[in-house]
Amino acid sequence: MSCEKGDRDPMEDPLFILESGEVYRNPTEVKMSQIVMPCHANHCGELSVGQLLKWMDSTACLSAERHAGSPCITASVDDIHFEHTIGVGQVVNIKAKVNRAFTSSMEVGITVSCEDLFSSCQWNVCNAFATFVARRTEEGKVQLKQVIPRTQTEQMEYSIAAERRRMRLTHAEIITDLLSSNTAQLGECQEYQGAVSAERTRVESVELVLPPHANHQVSTFGGQIMAWMENVATIAAWCTLCLGQ
């Protein structure tokens with residue numbers, strides 16, 4: 001794991017000075033810092049991925065709502081690859097900003113880094129892209145204002161966001177076709193020595209939505225649902241590991 005020492009946050013972009021002489025700051029940018037407490041950790045003593053997803057979703061939602069000026073909901077989150085684990089006592093820094101707005105949806109870029117307060121080390125944990133949709137108001141469907149990219153990084157993300165959106169829509173159509181196709185033929189399953197039946201790894205969870213599970217809109221939110229999903233997936237993975245031994 002590479003360690004970057006110093007005062008500069010690895011998530012920070014180079015300073016961009018406006019013509020007025022002021023330092024530019026993206027108006028949709030939201031930052032959140034959390035110290036990892038034992039209540040946030042899993043059975044391995046590391047920050048639960050589900051808890052991290054909740055923090056990421058909350059930060060991104062605030063960024064989306066700052067741009068939309070209305071309540072927003074999580075529509076989807078792209079694949080996330082976690083580069084490092086985070087331990088108890090370390091600080092999680094999350095930054096989110098709107099990369100591009102479309103008609104009523106927008107892409108929010110999320111960057112997560114970790115900081116060790118005692119060694120002054122900082123390192124990147126993951127990057128993610130989430131799609132948020134502005135909720136209808138009493139006046140009807142929200143028409144989002146366009147994002148104006150200023151820095152070189154913002155211009156790059158703005159351009160790529162349209163292609164990522166196209167790929168998401170294409171991927172969704174392909175999956176729908178595969179699931180609904182009646183011509184799909186399932187081949188015979190091969191028998192492997194020591195194989196574990198998929199049914200034996202099946203895990204189900206029923207959750208009652210309580211006030212701690214709600215967000216500022218008084219409803220459960222994407223981050224909480226992802227946390228529940230991650231918890232069930234972890235148990236299923238452990239079942240596979242234990243049964244296969």
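Our subject is the structure listed above.
Keep in mind that what you see is a predicted model, and the values were worked out from it rather than measured.

The rules behind the values
Residues numbered from 1 in each chain as written. Predicted model: local features only at pLDDT ≥ 70, side-chain atom pairs only at ≥ 80, totals over all residues. Heavy atoms only, no water. Helix = DSSP H or I, 4+ residues; strand = E, 2+ residues; numbered from the N terminus. Areas by Shrake-Rupley, 256 points an atom, 1.4 Å probe, with all protein chains shown as cover. Axes fitted to C-alpha atoms, helices over the stretch in contact; angles between N-to-C directions. Parallel < 35°, antiparallel > 145°, perpendicular 65-115°, else oblique. Left-handed = near helix turned anticlockwise from the far one by under 90°. Contact = heavy atoms within 4.5 Å. Nonpolar A, V, L, I, M, F, W, Y, C, P; charged D, E, K, R; others polar. Buried < 20%, exposed > 50% of the residue type's maximum accessible area, 1.4 Å probe, protein only. Pairing = 2+ DSSP bridges. Polar contact = N/O pair within 3.5 Å; in protein donor to acceptor, adjacent residues only side chain to side chain. Salt bridge = Lys/Arg side-chain N within 4 Å of Asp/Glu carboxyl O. Patch = residues over 30% accessible without salt bridge, like charges linked within 9 Å, V, L, I, M, F, W, Y side chains within 5 Å. Core = buried A, V, L, I, M, F, W, Y, C linked by side-chain atoms within 4.5 Å. Phe/Tyr/Trp six-rings, centres within 6.5 Å; stacked < 30°, edge-to-face > 60°. Lys NZ or Arg CZ within 6 Å of the ring centre and 35° of its normal.

Visitor: Please explain the overall build of the chain as it appears in this structure.
Guide: Scanning the chain from terminus to terminus reveals three helices and six strands. Secondary structure elements of the chain, listed N to C terminal, follow the sequence β-β-α-β-β-β-β-α-α. Only carbon and sulfur atoms are counted for the fraction: they give 55% of the accessible area of the chain, which is about 15600 Å².

Visitor: Mind showing me how you'd approach the packing of helix α1 (residues 49-68) against helix α3 (residues 222-243) here?
Guide: Packing of α1 against α3 leaves a shortest axis separation of 8 Å and a crossing angle of 165°. One element, α1, and the other, α3, form an angle in the roughly antiparallel class. Crossing hand, α1 versus α3: right-handed. In contact with Val49, Gly50, Leu53, Lys54 and Asp57 of α1, α3 contributes Gly222, Gly223, Gln224, Met226, Ala227 and Glu230. Partitioned by chemical class, the residues of the contact of α1 with α3 number four nonpolar, four polar and three charged.

Visitor: When you look at the pairing of strand β6 (residues 121-134) in this model, what are you seeing that I'm missing?
Guide: Moving residue by residue along a regular strand, the side chains alternate between the two faces of the sheet. Across the 14 residues of β6, eleven count as buried, placing the element largely inside the fold. Pairing of strand β3 (residues 72-77) with β6, which is carried by five bridges, proceeds in the antiparallel orientation. By the bridge assignment for β6, valine 77 is matched with alanine 130. With twelve bridges connecting them, strand β5 (residues 105-116) and β6 associate as antiparallel partners. Bridged to cysteine 114 within β6 is tryptophan 123.

Visitor: So what exactly am I meant to see when it comes to the environment of aspartate 57 here?
Guide: In this fold, aspartate 57 is placed in helix α1. Residue aspartate 57 is classed as buried on the basis of its relative accessible area, which comes to 5%. What aspartate 57 contacts, discounting residues up to four positions off in sequence, is Thr74, Phe132, Phe221, Gly222, Gly223 and Met226. Reaching out from aspartate 57, the side chain makes a polar contact with the side chain of threonine 74 at a distance of 2.7 Å.

Visitor: Got a minute to help me understand unusual backbone geometry in this structure?
Guide: Generally, phi is negative for residues other than glycine and the peptide bonds are trans, each holding for most cases. Residues other than glycine seldom take positive phi values, yet serine 120 does so here, at roughly 65°. The residue serine 120 is located in the loop between β5 and β6 in this model.

Visitor: Honestly, the pattern of salt bridges in this entry has me stumped. Any pointers?
Guide: For side chains bearing opposite charge, pairing can occur when the charged atoms are close. Under the counting rule described, the total for this entry stands at eight salt bridges. Two residues, arginine 202 and glutamate 199, come together in a salt bridge whose shortest N-O distance is 3.6 Å. The partner of glutamate 204 in a salt bridge is arginine 202, with the nearest N and O atoms 2.5 Å apart. For glutamate 204, a relative accessible area of 60% corresponds to the exposed category. Bridged by salt links that share partners, the residues Asp78, Glu107, Glu157, Arg164 and Arg168 form one connected network.

Visitor: Would you mind showing me how to read a nonpolar patch on the surface here?
Guide: Together, Ile35, Met37, Leu117 and Phe118 give the surface a local cluster of nonpolar side chains, amounting to about 460 Å² of exposed area. Tracing the backbone through its elements, the reader meets methionine 37 in the loop between β2 (30-35) and α1.

Visitor: Please explain the nonpolar core as it appears in this structure.
Guide: In a soluble, globular protein the nonpolar side chains are often hidden away together inside. Judged by nonpolar contacts, the single largest core of 35 residues is most densely connected at Met56, Val92, Met106, Val108, Ile110, Val112 and Phe132. Those elements that place two or more of their residues in this core are α1, β4 (91-101), β5 and β6. Beyond its immediate chain neighbours, meaning those up to four positions away, methionine 106 contacts Ala64, His67, Ala68, Cys72, Val98, Arg100, Ala101, Ala130, Thr131, Phe132 and Leu144.

Visitor: Would you mind going over the packing of aromatic side chains with me for this structure?
Guide: Here a ring pair, both rings aromatic, is described through the centre-centre distance and the interplanar angle of the planes. Within this structure, the stated rule accounts for zero aromatic pairs. Taking the ring centre of tyrosine 158 as reference, the NZ or CZ of arginine 100 above it sits at 4.1 Å. Seen from the ring of phenylalanine 102, arginine 165 lies directly overhead, with NZ or CZ sitting 4.5 Å from the centre.

Visitor: Sorry if this is basic, but what is going on with the environment of asparagine 124 here?
Guide: Looking at the element boundaries, asparagine 124 is found in strand β6. Taking relative accessible area as the criterion, asparagine 124 reaches 31% and is therefore assigned partly exposed. Put simply, asparagine 124 and cysteine 114 are ten residues apart on the chain and 6.3 Å apart in space, counted from C-alpha to C-alpha.

Interpretation in functional terms is not warranted from these geometric data alone.
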